[in-house]
Amino acid sequence: AAPSDPEWIKRVFLAFRMIQVSSVKLLEQSFTARFDLFVEWQDKEWSQKHHVDLVDETTHWEPKVRFANADQFEASDKIYNTWPSTGFVGYRVTIKGQFRVNFDLRDFPFDVQKLAILVTMGREKNSRVLLHNGIAQFRNSQNHANILMEQFSSEYWFRPMRFNVFYTSALTGVEGMNMSQYELAIPVVRRCEYFLINVYAVAMVIELIG
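Keep in mind that this is a model prediction, so the values were computed, not measured.

Engineer: What is the right way to look at the overall build of the protein in this model?
Structural biologist: Check the secondary structure of the protein and you find two helices and eleven strands. Listed N to C, the secondary structure of the protein is β-β-α-β-β-β-β-β-β-β-β-β-α in terms of helices and strands. Overall size of the protein, expressed as C-alpha extent along the three principal axes, is 75 × 35 × 30 Å. Looking at the protein as a whole, 40% of its 210 residues are labelled buried. Intrachain contacts of the protein at a sequence separation of at least 6 include 71% that bridge at least 24 residues. Within the structure as shown, the protein displays about 12,000 Å² of accessible surface, and the carbon and sulfur contribution to it stands at 53%. On the protein, the mean spot of the 23 positive side-chain charges and the mean spot of the 24 negative ones are 2 Å from each other.

Engineer: Hey, could you run me through the packing of aromatic side chains in this one?
Structural biologist: Two descriptors summarise a pair of aromatic rings, namely the distance from one centre to the other and the angle between the planes of the rings. In total, this model carries twelve aromatic pairs according to the counting rule given. Each ring, one from Phe163 and one from Tyr182, has its centre 5.7 Å from the other, and the planes form 10°; the classification is stacked. Remark: Tyr182 occurs in strand S11 (residues 180-190) and Phe163 occurs in strand S10 (residues 162-167); sequence separation between them is 19 residues. Exposure remark for Phe163: the relative accessible area of 42% places this residue in the partly exposed category.

Engineer: Explanation requested: the layout of surface pockets in the structure shown.
Structural biologist: Gaps between atoms show up when a probe of the same size as a water molecule is rolled over them. In this structure, the largest pocket spans a volume of roughly 260 Å³. Lining the largest pocket are 17 residues, with Pro63, Lys64, Val65, Lys78 and Tyr91 positioned closest to its centre. Contributions of two or more residues to the lining of the largest pocket are made by strand S3 (63-67), strand S4 (70-83), strand S5 (88-100) and strand S6 (112-124). When residues in the lining of the largest pocket are grouped by element, the largest group, five residues, is from S3. Residues that form the lining of the largest pocket fall into these classes: nine nonpolar, one polar and seven charged.

Engineer: How do you make sense of unusual backbone geometry when you look at a structure like this?
Structural biologist: Glycine aside, negative phi is the norm for most residues, and most peptide bonds take the trans geometry. A positive phi angle, close to 55°, is found at Gln29, a residue other than glycine. When you line up the elements, Gln29 lands in the loop between strand S1 (10-25) and strand S2 (30-42). Phi at Glu175 is positive, roughly 55°, even though this residue is not glycine. By the element assignment, Glu175 lies in the loop between S10 and S11. Residue class for Glu175 comes out exposed when judged on its relative accessible area of 60%.

Engineer: It is not clear to me how the pattern of salt bridges should be interpreted in this structure. Could you clarify?
Structural biologist: Side chains that carry opposite charge are capable of pairing whenever their charged atoms lie near each other. If you walk through the whole model with that rule in mind, you get nine salt bridges. The salt bridge partner of Asp36 is Arg17, with a shortest N-O separation of 2.7 Å. On the criterion of sequence distance, the pair formed by Asp36 in strand S2 and Arg17 in strand S1 is long-range, its members being 19 residues apart. Classification of Asp36 as buried rests on a relative accessible area of 6%. Beyond isolated ion pairs, a larger network of salt bridges with shared partners links Glu62, Lys78 and Lys125.

Engineer: It is not clear to me how the nonpolar core should be interpreted in this structure. Could you clarify?
Structural biologist: General note: in soluble globular proteins, nonpolar side chains tend to be found buried as a group. Judged by nonpolar contacts, the single largest core of 40 residues is most densely connected at Met18, Phe35, Phe67, Ile117 and Val119. The leading source of residues in this core is S2, at six residues. The contacts of Val119, once residues within four sequence positions are left out, are Leu14, Phe16, Val65, Arg66, Phe67, Phe138, Ser180, Gln181 and Tyr182.

Engineer: Help me out: how do you make sense of the environment of Arg123 in this one?
Structural biologist: As for its position among the elements, Arg123 is in strand S6. Spatially, the C-alpha atoms of Arg123 and Arg139 are 17 Å apart, while their sequence positions differ by 16 residues. A polar contact of 2.7 Å, which involves the side chain of Arg123, links it to the side chain of Glu175.

Engineer: Can you help me understand the environment of Thr94 in this one?
Structural biologist: With respect to the helices, strands and loops of the structure, Thr94 is situated in strand S5. Counting along the chain gives 76 residues from Thr94 to Met18, while the straight-line C-alpha distance between them is 9.8 Å. Dropping the residues within four chain positions of it, Thr94 is found in contact with Arg34, Phe35, Asp36, Glu74, Ala75, Ser76 and Asp77. Within the structure, Thr94 has its side chain in polar contact with the side chain of Asp36 (distance 2.7 Å).

Rules used throughout
Residues numbered from 1 in each chain as written. Predicted model: local features only at pLDDT ≥ 70, side-chain atom pairs only at ≥ 80, totals over all residues. Heavy atoms only, no water. Helix = DSSP H or I, 4+ residues; strand = E, 2+ residues; numbered from the N terminus. Buried < 20%, exposed > 50% of the residue type's maximum accessible area, 1.4 Å probe, protein only. Contact = heavy atoms within 4.5 Å. Areas by Shrake-Rupley, 256 points an atom, 1.4 Å probe, with all protein chains shown as cover. Lys, Arg positive; Asp, Glu negative; His and termini not counted. Charge placed at Lys NZ, Arg CZ, Asp CG, Glu CD. Phe/Tyr/Trp six-rings, centres within 6.5 Å; stacked < 30°, edge-to-face > 60°. 1 Å grid on protein atoms, 1.4 Å probe; cavity = no way out; pocket = protein on both sides within 12 Å on 5 of 7 lines; lining within 4 Å. Points joined across faces, edges and corners; volume = space filled by probe spheres on them. Nonpolar A, V, L, I, M, F, W, Y, C, P; charged D, E, K, R; others polar. Salt bridge = Lys/Arg side-chain N within 4 Å of Asp/Glu carboxyl O. Core = buried A, V, L, I, M, F, W, Y, C linked by side-chain atoms within 4.5 Å. Polar contact = N/O pair within 3.5 Å; in protein donor to acceptor, adjacent residues only side chain to side chain.

As structure tokens, this is what we get:
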């Protein structure tokens, strides 16, 4: 491996299946999302076991992930999987939560916004070892594509999702260590006619009547 990506670093592969995006709130600078998160890593020993064995077992290696910009979230329907032929193990979990964003409204109502979900590497689930950037790093999944399911909104057009993999500074990391991060971005284009008709036109009519 290249010096910048040594073999001893654990790669954790992520993928998103975005089910629903709703409640985009301009004043609160937040949005609500429900999605399936796929988390996978290589473990040749445990990949040969049945996926049910991972549910209650406390000796296998498993990374905990944190949603850095989540005000609140709930996780449900966690399902483990093993792939004996490739030596991978992992899980799929459904997440529903409210996420903070920084809207730029200078071009409102002709603006494009980025709805982002920021995932930060945490600790190893069982040993509680801090998985800093020198131990474990995120990668985009090679087995699952990031999928945005059909969304229905009278206010926004949804564009294809994008991702970025990077790491924090030591100052913004944990215990002075850099932490790997994965950002999923959903670009949304505001339907300007929504505001022109439903807000500005109505305001003009009220002004004229008054």
